[in-house]
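Each chain, letter by letter, is given below.
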Amino acid sequence: MIKHTFAICAYKESPYLEELIRSLLSQKLRSSVILCTSTPNEYIENLCKKYDIKLFISEKESSLMNDWSFALEMAKTKEGAELVTIAHQDDIYHEDYSSELMKAYEKYPDMLIFCCSNRTIDAYGNENGGKVEVVKKVLRLPLRIKGLSGNTFIKRLSLRFGNSICCPSCTYNIKLTGTELFKKDYHFVIDWDTLWNLTSKKGRFIVCEKNLISYRVHEGAETKKNIVDHNREKEESLMFRKIWPEPVVKLLMHFYKSAYKAYD
C-alpha cells in the first residue's frame, strides 16, 4: 500500500492550527498525520496530545528551508512515506484531497508532484475563488494535457510567467524527488524555485482542477508580510531573472506589483 503522510509545519501559536488538524483527520481516505516544529510550545504539544499526533522537534534555526526539509525527512524516516504533503498551519484541506491524490498517483506512478486548485479565505473568514486563482488556472493549462505533463518545456511553461501552483496544495513523490528539495532559504519564492528545479527531473506534474484546499490570507500570513516589507517583489524579480532577459522581467514585475493589491 502506498504511504501518504501529511506533515504539518507549525510555527509558534497559530489560532488556525486546530482547524487544519481536524481537516486532515477528516479525510475520506485516511493518511498519516505528523506535526513538525522548530518552535515547540505548550499550545502545539497540547494539540498533538488531544488528537494523538506524533510531534517532531527540529533543533535547526527556524526558516522555511529548514522547517520544510525537516518535515519531509521525518515523514520519510519515521512514517515510511512515499508521498508527502507539507501542510501549512493556516490552511484547510478538503475531505477529498487524499482520495484525489491517490487516484492520480495510481494512474500516473511517474508523478513528481500533485497539486490542485484552491479557494482563498480572507481576513473575515469568507471563502472565494479570487482573481489570482483564475490567472493561475490559465497558467496551469499546459499541465492539463496529461500526455505532455512530463515534458520539461511544458512543466516550465506553467512557471515562466509566475508560480501557478499553490504551494500548500503540493504533494511530493519523494521516491523520485528525494527529500533535499529546498536549496535556497527564500522567504517567499522557495516553492517556485523548488518547482523550477524539479522541472528538469524525469516525471510528471499532475494538476487536479478541483478546489481541494482553502488557502488563508491574513495579517499574520507570510504572503502578507512579504508584500509589506517588499521581500516578495525582490524575490520574484530574482526568479524572473533566472527565466527571462531584463526587459521582460521589468514588464512582468509591472503587472505583478499591481496584483499585490489582491492581498490587501
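Here's a quick rundown of the structure.

### Observations concerning the layout of surface pockets
Okay, step 1: In this structure, the second largest pocket occupies an estimated 180 Å³ of space.
Okay, step 2: Looking at the second largest pocket, the residues that line it are Glu-100, Lys-103, Ala-104, Lys-107, Tyr-108, Phe-114, Lys-146, Ile-206, Val-207 and Cys-208.
Okay, step 3: Counting residues per element, the ones that place at least two in the lining of the second largest pocket are α4 (97–107) and β9 (204–216).
Okay, step 4: The element best represented in the lining of the second largest pocket is α4, accounting for 4 residues.

### Focus on the side chain of Asp-193
Okay, step 1: Structurally, the position occupied by Asp-193 is in helix α8 (residues 190–198).
Okay, step 2: Using a relative accessible area of 2% as the deciding quantity, one classes Asp-193 as buried.
Okay, step 3: Side-chain polar atoms of Asp-193 contact the side chain of Lys-242, separated by 2.7 Å.
Okay, step 4: Setting aside residues up to four positions removed in sequence, Asp-193 forms contacts with Lys-184, Tyr-186, Met-239 and Lys-242.

### Some points on the pattern of salt bridges
Side chains bearing opposite charge may pair, as long as their charged atoms lie close to each other.
Okay, step 1: Summed over all chains, the structure comprises 16 salt bridges.
Okay, step 2: Of the charged contacts in the structure, one is a salt bridge between Arg-22 and Glu-18, with a shortest N-O distance of 3.5 Å. Placement of both Arg-22 and Glu-18 in helix α1 (residues 17–25) is noted, with a separation of 4 residues, approximately one turn of the helix.
Okay, step 3: Arg-22 gets classed as partly exposed once you look at its relative accessible area, which sits at 46%.
Okay, step 4: A salt bridge links Arg-140 to Glu-133, with the nearest nitrogen and oxygen atoms 2.7 Å apart.

### Let's talk about the nonpolar core
Okay, step 1: Residues Leu-72, Ile-113, Ile-165, Tyr-172, Phe-182 and Phe-205 are the most contacted members of the largest nonpolar core, which totals 45 residues.
Okay, step 2: The element that contributes the greatest number of residues to this core is helix α3 (residues 64–79), accounting for 7 residues.
Okay, step 3: With sequence-adjacent residues up to four places away left out, Phe-182 is seen in contact with Met-65, Trp-68, Ser-69, Leu-72, Ile-86, Tyr-172, Ile-190 and Thr-194.
Okay, step 4: In terms of nonpolar packing, the next biggest core, distinct from the first, is built from 33 residues, Leu-47, Ile-53, Tyr-97 and Leu-101 among them.

Each value, and the rule that gives it
Residues numbered from 1 in each chain as written. Predicted model: local features only at pLDDT ≥ 70, side-chain atom pairs only at ≥ 80, totals over all residues. Heavy atoms only, no water. 1 Å grid on protein atoms, 1.4 Å probe; cavity = no way out; pocket = protein on both sides within 12 Å on 5 of 7 lines; lining within 4 Å. Points joined across faces, edges and corners; volume = space filled by probe spheres on them. Helix = DSSP H or I, 4+ residues; strand = E, 2+ residues; numbered from the N terminus. Buried < 20%, exposed > 50% of the residue type's maximum accessible area, 1.4 Å probe, protein only. Polar contact = N/O pair within 3.5 Å; in protein donor to acceptor, adjacent residues only side chain to side chain. Contact = heavy atoms within 4.5 Å. Salt bridge = Lys/Arg side-chain N within 4 Å of Asp/Glu carboxyl O. Core = buried A, V, L, I, M, F, W, Y, C linked by side-chain atoms within 4.5 Å.

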